[in-house]
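Each chain is listed here by its residues.
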Amino acid sequence: MTKGSAPISGTIAIAFGTLFVSAVVLALFDLLSWFTAANSLLTFALTVLTWRRFQASDLEYRRRMERLDQRLTGEQ
């Protein structure tokens, strides 16, 4: 059976989450602007949403490929 994989891993989302937390800490000490911290939050949110969408697409792809494999083995 063909196996798909989501092109974006959860590790990237975790990295952007860590970036957001560090940006907030730096903004608290006036070493970074709050705009940059907000921008990193937006980046983190978009990454998580995209990753979740890719997971859903990957699951749908795997189910379709399984049904196709079952139909092809049933016809032979």
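This structure is a prediction, so every number in the text was calculated from the model and none was measured. (Residues numbered from 1 in each chain as written. Predicted model: local features only at pLDDT ≥ 70, side-chain atom pairs only at ≥ 80, totals over all residues. Heavy atoms only, no water.)

J.: Explain the overall build of the protein chain to me, using residue names and the numbers behind them.
T.: When helices and strands are tallied, the protein chain shows two helices and zero strands. Scored against the burial criterion, the 76 residues of the protein chain give a buried share of 14%. Long-range contacts, defined here as pairs at least 24 residues apart, represent 67% of the contacts in the protein chain between residues at least 6 apart. Of the roughly 5,900 Å² of accessible surface on the protein chain, 64% is carried by carbon and sulfur atoms. (Helix = DSSP H or I, 4+ residues; strand = E, 2+ residues; numbered from the N terminus. Buried < 20%, exposed > 50% of the residue type's maximum accessible area, 1.4 Å probe, protein only. Contact = heavy atoms within 4.5 Å. Areas by Shrake-Rupley, 256 points an atom, 1.4 Å probe, with all protein chains shown as cover.)

J.: Break down unusual backbone geometry for me, citing the residues and quoting the values.
T.: Located in the positive-phi region is aspartate 30, a residue other than glycine, with phi close to 60°. Note that aspartate 30 resides in the loop between helix H1 (10-28) and helix H2 (34-75). Residue classification places aspartate 30 among the exposed residues on the basis of a relative accessible area of 67%.

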